[in-house]
Amino acid sequence: MEQTAQTIILRGKVIITGKLTLITGLHIGGAAAGLDIGGIDNPIIRHPVTREPYIPGSSLRGKMRSLLERHLGKEANTFIQRREPVVRVHQCVSPKEYAECAACQIFGLTPGDKERREWTTIKPARLLVRDVMLAKPEGPGAEDPNRALREAKTELPFTEVKWEAAIDRVTAAAVPRQNERVPAGAVFSPLELVYSLYDLDGTGSEQDIAWLKYVFKAMELLEDDYLGGYGSRGAGKVNFTDLEVTFKPRAYYEGTAEKELLGKAGNLRQLDPADYEGKIRQALSGGQGA
Ligand SMILES: [Zn+2]
């Protein structure tokens, strides 16, 4: 981002960890069929070394953003892709709108747009979402959360291949298509989302603290929507469990303060994000980072 004479100071980071479980099969598309994939039409994304399926952080983050934009009634006004399938996202068009837009603040504005170069209030995106790998046993002798999946004799490792018929609406001819999915019940872990609190030119982090609740909102919206493709045909329902929310103030990174557990719960509904704001403010005023 082209910005001059601006000071951005990190005030602290909120770390959200947990597990992601598939309630229905998941399809996140990978690169077009390579030789080792055996010619499947529609493969999923896999780790290049282990060949295990994983969830790219960008898929999770992108879906959270679009659900939050719709929740907040933000107009999808920017084309990412003009050819079919058309992809549009929301981007604020004025500094005034941006100042109040949780979606653009949390998920960021695309840099490089001429009209935004002059804006002096742009902060870095607050949220990053890491890739989530297929869960492994948590220690020697611990149970493998994906044992059934690892032992299953599936056509391709860790996945099922569904045959679906695409019906031509005019001629009624059926075209069989393959669609690869990670089966329901698969567990991905560790899930990790990092939300940073920034202070731009001494304006404080009060809004960043207040916007944190929208991260949890977006996760909740995702549980009642779908991740990846074929959601309208039943795929992509996920659940977040074993959640932990930790705050690391600036002073933690300087070695003069401890991290603080803000909340811990079996599922999203049991967390209380409203409660975190006060705890974060207190941690910031107590530490050297305040
Ligand atoms: Zn916006």
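Everything quoted here is computed from the prediction, not taken from an experiment.

**A word on the confidence of the model for the protein**
Point 1. Summary statistics for the protein give a mean pLDDT of 88 and a share of 92% for residues scoring 70 or more.
Point 2. The secondary-structure element of the protein with the lowest mean pLDDT is strand β7 (residues 160-167), recorded at 79, while strand β5 (residues 127-129) shows the highest, at 98.

**Re the nonpolar core**
Point 1. Ranked by size, the top nonpolar core spans 51 residues in total, and within it I106, V215, M219 and I280 carry the most contacts.
Point 2. Ranked by the residues each element gives to this core, the list is headed by helix α5 (residues 206-223), at nine residues.
Point 3. Among residues more than four places away in sequence, those in contact with V215 are I16, M64, I106, L127, L193 and Y195.
Point 4. In this structure, C101, L109, W119 and I122 belong to the second largest nonpolar core, which totals eight residues.

**A short note on the coordination of the zinc ion**
Point 1. For the zinc ion, the full set of protein donor atoms is H90 (NE2), C92 (SG), C101 (SG) and C104 (SG), at a range of 2.1 to 2.3 Å.
Point 2. Between the four donor atoms coordinating the zinc ion, the angles at the centre fall across 102 to 117°, so the site counts as tetrahedral.
Point 3. The sequence pattern describing where the donors of the zinc ion fall on their chain is H-x1-C-x8-C-x2-C. A single burial state applies to C92 and to C101, both of which are buried.

Calculation rules
Residues numbered from 1 in each chain as written. Predicted model: local features only at pLDDT ≥ 70, side-chain atom pairs only at ≥ 80, totals over all residues. Heavy atoms only, no water. pLDDT = per-residue confidence, 0-100. Helix = DSSP H or I, 4+ residues; strand = E, 2+ residues; numbered from the N terminus. Core = buried A, V, L, I, M, F, W, Y, C linked by side-chain atoms within 4.5 Å. Buried < 20%, exposed > 50% of the residue type's maximum accessible area, 1.4 Å probe, protein only. Contact = heavy atoms within 4.5 Å. Donors = N, O, S within 2.8 Å, 3.2 Å for Na, K, Ca; no water. Tetrahedral: all angles 85-135°; square planar, octahedral: opposite > 155°, others 65-115°.

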